[in-house]
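Chain and residue survey
Listed here are the chains, written in short residue letters.
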Amino acid sequence: MNTSAQTSKHGVIHRYRRFLPEIPDSAITTIGEGSTPLIEAKAISERIGARLFLKFEGLNPTASFKDRGMTVAMSRAVADGNVACVCASTGNTAASASAYAARAKMKCFVVVPVGKIALGKAVQFLAHGADIIQIEGNFDAALKLSQKAIENLEGVALVNSVNPDRIEGQKTAAFEVCEELGKPPDTLAIPVGNAGNITAYWKGFSEWKEAGRSDAVPKMLGFQAEGSAPLVLGHDIEEPETVASAIRIGAPASREGAMEAAKESGGKIESVSDDEILEAQSLLASMEGVFCEPASAAGVAGLLKLARENRGPSGTVVAVLTGHGLKDPDTILSRVKLPEPIPATFEAVAGRMESSA
Ligand code: AN7
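So, here's what we can say about the structure. All figures in this text were calculated on a predicted structure; none of them were measured in a lab.

**Some details on the sheet that holds strand S5 (residues 131–135)**
Pairing is parallel across the open sheet formed by 4 strands, whose spatial order is S5-S4-S3-S6. Of all strands in the sheet, those with a lone pairing partner are S5 and strand S6 (156–158), marking the two edges. Averaged over all neighbouring strand pairs, the angle between strand axes comes to 20°, with direction disregarded. Note that strand S4 (residues 107–113) and S5 share 5 bridges and pair parallel. Its bridge partner lying in S5, Val 112 is registered against Gln 134. Each of strand S3 (84–88), S4, S5 and S6 touches helix H6 (residues 139–151); the most contacted strand, S3, lies at about 155° to it.

Pasting the structure below:
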């Protein structure tokens, strides 16, 4: 075995090191994140009247885009001599942090809103051995408490996207999109919660252009859930609500980054209803074979809504599907059920198939 196999040569740090903050080899913590597929969505393209590609971030090691930022944040936390990390989370950040912390032999505290974490995500951070702090409050409260906690603790790194290393890692998704298409798309559609990811993509597209690798940047379209849309309403929300639990966030930490991305690119931040989100999730699964979690479908929901209102983008559009559908089995099971079992006989099975043929 090649000795360098200890640190995988895959992962966004190795791939895009010259665009990232300095990280010594010995500190690199990677699980082979990034290099996710860009999937052409022909059926939905017809509905929206543009050529749509899906950047399927659910195929990262912990099944969400968070891993791109976490490899950079955790590696830098190791390089700085930290012994523990903490994050507030609606689920995916905690799943990612706990996996990367396990690999870095670091203690990981996850501060999460009780009763609002999708099942698959909770199972992940339980499996990775996180120290779980469930609070009787929402994500916004969890983030404030986490920020306050590290002020008084030595050697503990905050790995939420308010940590600029997270944004640095996440911007690599924009590089991959540009490389795969051969140029930036005309438009990017993306879900917005705490607003770190739209900030990161915009930074990535802008840096790609500054580096002379492209001569354009896409229009940025961000979509929030209607019950959790502080950027659309123009003020924070005390009690955000949405079926898309990942983006149930009322006071986005990166609001300025998101507003800047929309403004500078000639794009916008809008909202979509829970029904529109679930409809988009269902279309993606049933027509494109791509299963993403509800929050991840917000971008496609937004594109479908704009198309219905005859104000959708044309040209090449990339929608970011931020997390895998297996993260949140309960939302599917609350809408569709397994059928009743039948006897294990040829007659019964044939009868069933004939009746639905
Ligand atoms: C699937 O895990 O905030 O706008 O604590 O999990 O960068 O916050 C998750 C956010 C979109 C929104 N899609 O991204 C967390 C958390 C999925 C997500 C978002 C999240 P940001």
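Alright, that's what it looks like, and here's the rest.
**Topic: the side chain of Gln 170**
Turning to its location among the elements, Gln 170 is positioned in helix H7 (residues 164–170). For Gln 170, a relative accessible area of 1% corresponds to the buried category. Side-chain polar atoms of Gln 170 contact the side chain of Arg 166, separated by 2.8 Å.

**Side note on the packing of helix H3 (residues 66–79) against helix H4 (residues 92–104)**
One way to put it is that H3 packs onto H4 with a least axis distance of 9 Å and a crossing angle of 40°. Put simply, H3 runs oblique to H4. Here the hand of the crossing between H3 and H4 comes out right-handed. Together, Lys 66, Asp 67, Met 70, Thr 71, Met 74 and Val 78 of H3 and Asn 92, Thr 93, Ser 96, Ala 97, Tyr 100, Ala 101 and Ala 104 of H4 make up the contact between the two elements. Split by residue class, the contact of H3 with H4 holds 7 nonpolar, 4 polar and 2 charged.

The rules behind each value
- Residues numbered from 1 in each chain as written.
- Predicted model: local features only at pLDDT ≥ 70, side-chain atom pairs only at ≥ 80, totals over all residues.
- Heavy atoms only, no water.
- Pairing = 2+ DSSP bridges.
- Helix = DSSP H or I, 4+ residues; strand = E, 2+ residues; numbered from the N terminus.
- Axes fitted to C-alpha atoms, helices over the stretch in contact; angles between N-to-C directions.
- Contact = heavy atoms within 4.5 Å.
- Buried < 20%, exposed > 50% of the residue type's maximum accessible area, 1.4 Å probe, protein only.
- Polar contact = N/O pair within 3.5 Å; in protein donor to acceptor, adjacent residues only side chain to side chain.
- Parallel < 35°, antiparallel > 145°, perpendicular 65-115°, else oblique.
- Left-handed = near helix turned anticlockwise from the far one by under 90°.
- Nonpolar A, V, L, I, M, F, W, Y, C, P; charged D, E, K, R; others polar.

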